[in-house]
Amino acid sequence: MKRVLLLVIDALTAPLLVKEMENGRYPNFQKLSDAGYLQEGISIFPSITHAALTSIITGEYPDKHGIIASHWYDFANDKVAYFSGSPGMMLQKGVGNFFREFLLDLNNDHLKALTLFQKLERNGHETACINFPLYRGDVPHKVNMPLLLKWIPNLPESTVVYGPKKLLLGDLILNPNELDIEASFTGAANWFGFHDKNTIDLVLQLAANDEFPDFTLAYFPQNDETSHAEGPVASHHQLDRLDEMLGDLIAAYGGLDSFLQQFMLIITGDHSQSETLADKAEQAINLEETLNGFQMAQAGQPWNDDSEIMACPNLRTAHLYFKDSFTPGKVQMVLDQLLAESRIDQLIYRASLTDSGQGYVVQTQNGRLHFWREEDGKAVDQFGNSWCWTGELAVVDGRLQESILTFPDYPNAFERIAGALDCTTSGPLWITAKLGHELIVPHIKPYVGGGSHASLHRLDSQPPLIVAGAPQNITLPKLPRITDIVPLCLACLETE
Ligand SMILES: [Zn+2]
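Residues numbered from 1 in each chain as written. Predicted model: local features only at pLDDT ≥ 70, side-chain atom pairs only at ≥ 80, totals over all residues. Heavy atoms only, no water.

**Concerning the coordination of the zinc ion**
Angles between donor atoms at a metal ideally measure 109.5 degrees for a four-coordinate tetrahedral arrangement and either 90 or 180 degrees for a six-coordinate octahedral one.
Part 1 of the reasoning: At the metal site, the zinc ion is ligated by Asp224 (OD), Asp224 (OD), His228 (NE2) and His453 (NE2), and these contacts range over 2.1 to 2.4 Å.
Part 2 of the reasoning: What the 4 donor atoms of the zinc ion show is an angle range of 55 to 150° at the metal, which sorts the shape as irregular.
Part 3 of the reasoning: All donors of the zinc ion belong to a single chain; written as a sequence motif, their spacing is D-x3-H-x224-H. Of this pair, aspartate 224 sits in helix H10 (residues 222-230) while histidine 453 sits in the loop between strand S24 (451-452) and strand S25 (464-468), placing them 229 residues apart in sequence. (Donors = N, O, S within 2.8 Å, 3.2 Å for Na, K, Ca; no water. Tetrahedral: all angles 85-135°; square planar, octahedral: opposite > 155°, others 65-115°. Helix = DSSP H or I, 4+ residues; strand = E, 2+ residues; numbered from the N terminus.)

Structure follows, in structure tokens:
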């Protein structure tokens, strides 16, 4: 049986990767695509890191896996969960916070579905995780406590995290059992090991010793950060080093043929990025201004008695929560006020929010669409989901071609919207920004003149899927969703 290597490159943007490959920039990405398959994939909604990474490792939408976004309101604990952008950004906000939230809360409290690590190891396979934030498994690992205690003073004496058998997590877990490797790119200058340089080095060490278990997931976070800062086109220099790594990896196994005889290699991303406008006043839509007249909860803080609305921006989208006492009349005022802002693209909400019955509503300045799942409905989408609707399909670029529903500008819109709004921790109302814009509240800094993502639009939602060395009995998806990666890995490893 072949082993599986899954490389997740944050914000890897399919159309740009393909364009640069055509320019001859990435010979090793090219070689692997030529030997296998490259397709544009589809992310989830919201197309944002933590939610999408969780979909990659669980094969589920947020309604099943519980991580709705990178910023949401946790009802059970009256607490705002906030996992800003990349590890680099998180570290700037305080190392202690970063590790408490990432290391413990995200995996222990919020994640509701089994990870691929768990599914495989419970079926007798051995797996490894290198720096992937959703690392949960069943094997206890001791964390580098002196380091952690320095940052998080109130932790119990010994902290154990549960991961796959082979877990490498930055400076926190440097030397797992039975692996003959040593991390060199650690410390503050290397994001405490949560850095591409470290992931690359560890992958190549595992290759040099041929220590990859049945399944290995390696995560490369930096492309997202560079792309936010420089824009998705300019940031492509970030991939040069990754292309070199692919070359070294192939060479370590004696060339492409012998490498692919031993491995199925998958390369993907969690979402893509679109360009943002350079003028800050124009670029950023401040929800406190747009919702002038309502009492907004202070960003990042629990509800207080006076506030009526809590806004949780996630880059190019945001969700709103309302106090129970918020009346239908006020909801309508909120919708009207948001629709009057010309930089807002769509309002996406549970139909129950306006007492419109079951299902979901999308509204823009140009129309309103109400849709819901129904067996033997009006039409099926490209993934076999059956739907009914009333109103304007155009608000999600919906088209009917030979009674198949497609959504060219908002790929797989219905399934993605349902997968978000059915999540219990989702706000009932989502707002998406038109291309070029982000949604903010005052303390959030927009990525002006760079790149961003998280909306339903295709430009935010198109990571590639490259698969090389797939066993011949495996059918690769024609239109891959990031949720299709788990079944692909399970099939290769002959696990149900
Ligand atoms: Zn990002």
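**Digging into the nonpolar core**
Part 1 of the reasoning: Within the largest apolar cluster, 89 residues are counted, with the highest numbers of intra-cluster contacts made by Phe215, Ile266 and Phe414.
Part 2 of the reasoning: Residue assignment places this core across two domains, with domain 1 (3-272 + 461-492) and domain 2 (280-450) each supplying three or more.
Part 3 of the reasoning: The residues touching phenylalanine 414, leaving out its near neighbours within four places in the chain, are Leu369, Phe371, Trp387, Trp389, Leu393, Val396, Leu405 and Phe407.
Part 4 of the reasoning: Leu17, Phe263, Leu265 and Ile466 belong to the second largest nonpolar core, which has 37 residues in total. (Core = buried A, V, L, I, M, F, W, Y, C linked by side-chain atoms within 4.5 Å. Buried < 20%, exposed > 50% of the residue type's maximum accessible area, 1.4 Å probe, protein only. Domains from an automatic or database assignment. Contact = heavy atoms within 4.5 Å.)

**Observations regarding the sheet that holds S25**
Part 1 of the reasoning: Across the sheet, which stays open at both edges, the 7 strands sit in the order S2-S25-S10-S1-S9-S5-S8 with mixed pairing between neighbours. Whereas interior strands pair on both sides, the edge strands pair on one side only; in this sheet they are strand S2 (37-40) and strand S8 (166-168). Strand-to-strand, the axes of this sheet are offset by a mean angle of 10°, without reference to chain direction.
Part 2 of the reasoning: Where strand S1 (residues 3-9) lies against strand S10 (residues 263-268), 6 bridges are found, and the strand directions are parallel. The partner of leucine 6 across the bridge, within S10, is isoleucine 266.
Part 3 of the reasoning: Packing of helix H9 (residues 196-208) onto the sheet brings it into contact with strand S5 (127-130), S8 and strand S9 (215-220), and relative to S9 it is tilted by some 155°. (Pairing = 2+ DSSP bridges. Axes fitted to C-alpha atoms, helices over the stretch in contact; angles between N-to-C directions.)

**Examining the pairing of strand S7 (residues 160-163)**
Part 1 of the reasoning: Here S7 shows a clear split, with Val161 and Gly163 buried on one side and none of Val160 and Tyr162 buried on the other.
Part 2 of the reasoning: Bridge count between strand S6 (residues 139-142) and S7: 4 bridges; the pairing is antiparallel. In the sheet register, valine 139 faces S7, and the bridge partner there is glycine 163.

**Quick word on H10**
Part 1 of the reasoning: Among all positions of H10, only Gln222, Asn223, Asp224, Thr226, Ser227 and His228 are buried.
Part 2 of the reasoning: For H10, the secondary structure elements touched by its buried residues are S1, helix H3 (49-58), H9, S9, helix H11 (238-252) and S24.

**Examining H9**
Part 1 of the reasoning: Along its 13 residues, H9 runs 18 Å from first to last C-alpha, staying within 8% of the 18 Å computed at 1.5 Å per residue.
Part 2 of the reasoning: Counting buried positions along H9 yields 10 of 13 residues, so the element is predominantly enclosed.
Part 3 of the reasoning: Looking at H9, one finds that the buried residues are Asp196, Asn198, Thr199, Ile200, Asp201, Leu202, Val203, Gln205, Leu206 and Ala207.
Part 4 of the reasoning: Positive phi appears at aspartate 210, one or two residues downstream of H9, with a value of about 45°. (Expected span 1.5 Å × (residues − 1).)

**What about the side chain of glutamate 415?**
Part 1 of the reasoning: Within the secondary structure, glutamate 415 is located in helix H16 (residues 413-421).
Part 2 of the reasoning: In this structure glutamate 415 touches Tyr61, Arg373, Asp381, Phe383, Asn385, Trp387 and Arg481, once residues within four positions along its chain are discounted.

**Regarding the pattern of salt bridges**
Part 1 of the reasoning: Inspection of the entire model under this criterion finds 15 salt bridges.
Part 2 of the reasoning: With a closest N to O distance of 3.0 Å, arginine 3 and aspartate 210 form a salt bridge. Residue arginine 3 is located in strand S1, and its partner aspartate 210 is located in the loop between H9 and S9; the two are separated by 207 residues in the primary sequence.
Part 3 of the reasoning: Close ionic contact of glutamate 126 with lysine 166 constitutes a salt bridge, the shortest N to O distance being 3.1 Å. Note that glutamate 126 is positioned in the loop between helix H7 (116-121) and S5 and lysine 166 in strand S8, a separation of 40 residues in sequence.
Part 4 of the reasoning: Looking at lysine 166, the relative accessible area reads 9%, which means it is buried.
Part 5 of the reasoning: The network of salt bridges with common partners includes Glu20, Arg25 and Asp240. (Salt bridge = Lys/Arg side-chain N within 4 Å of Asp/Glu carboxyl O.)

**So, the pairing of strand S13 (residues 309-314)**
Part 1 of the reasoning: Of all the 6 residues making up S13, 6 are buried; the element is thus mostly covered by neighbouring parts of the structure.
Part 2 of the reasoning: For S13 and strand S14 (residues 317-322), the ladder comprises 6 bridges, and the chain directions are antiparallel. Note that in S14 the partner of alanine 311 across the bridge is leucine 320.
Part 3 of the reasoning: Counting the residues that bridge the hairpin from S13 to S14 gives 2 residues, and of these leucine 315 lies at a positive phi of roughly 60°.

**A word on the sheet that holds strand S18 (residues 379-381)**
Part 1 of the reasoning: In spatial order, the strands read S13-S14-S22-S15-S16-S17-S19-S18-S21-S20; together these 10 strands make up an open sheet with mixed pairing. Pairing within the sheet leaves two strands with one partner each, and these edge strands are S13 and strand S20 (399-401). Each strand of the sheet is rotated relative to its neighbour by a mean of 30°, with strand direction disregarded.
Part 2 of the reasoning: Strand direction decides the pairing type here: S20 and strand S21 (residues 404-406), joined by 3 bridges, are antiparallel. Within the sheet, the bridge partner assigned to glutamine 401 lies in S21 and is isoleucine 404.
Part 3 of the reasoning: Across the sheet, helix H15 (residues 328-339) is in contact with S13, S14, strand S15 (344-350), strand S16 (360-364) and strand S22 (429-433); its angle to S15 comes to roughly 160°.
Part 4 of the reasoning: Taken strand by strand, H16 contacts S15, S16, strand S17 (367-373), S18, strand S19 (386-391), S21 and S22, and its axis lies near 75° from that of S17.

**Here's the deal with the packing of aromatic side chains**
Part 1 of the reasoning: Applying the stated criterion across every chain, the model contains 18 aromatic pairs.
Part 2 of the reasoning: Ring centres 5.6 Å apart and planes at 65° place the aromatic pair tyrosine 26 and phenylalanine 29 in the edge-to-face group. This pair shows no difference in class: tyrosine 26 is buried, exactly as phenylalanine 29 is.
Part 3 of the reasoning: Ring-pair connections join several aromatic residues into one group, and the members of that group are Tyr360, Phe371, Trp387, Phe407 and Phe414. (Phe/Tyr/Trp six-rings, centres within 6.5 Å; stacked < 30°, edge-to-face > 60°.)

**Here we look at the environment of methionine 1**
Part 1 of the reasoning: Within the element layout of this structure, methionine 1 appears in the segment before S1.
Part 2 of the reasoning: Along the sequence, methionine 1 and glutamate 494 sit 493 residues apart, while their C-alpha atoms lie 8.4 Å from each other.
Part 3 of the reasoning: Contacts of methionine 1, omitting those with residues within four sequence positions, involve His125, Cys492, Leu493 and Glu494.

**Some thoughts on the domain arrangement of the protein**
Part 1 of the reasoning: Once the domains are mapped, the protein shows domain 1 (3-272 + 461-492) and domain 2 (280-450).
Part 2 of the reasoning: Each of domain 1 and domain 2 was reduced to a C-alpha centroid, and the two centroids are 29 Å apart.
Part 3 of the reasoning: With 31 residues of domain 1 in contact, the opposing surface of domain 2 contributes 33 residues.
Part 4 of the reasoning: Between domain 1 and domain 2 the total buried area reaches about 2,700 Å² when both faces are included, carbon and sulfur atoms providing 68% of it.
Part 5 of the reasoning: For the domain 1 face of the interface with domain 2, the top three residues by lost area are Phe45, His71 and His228, together amounting to 26%.
Part 6 of the reasoning: Across the contact surface, domain 1 and domain 2 share 1 salt bridge. (Buried area = accessible area lost by both parts, 1.4 Å probe.)

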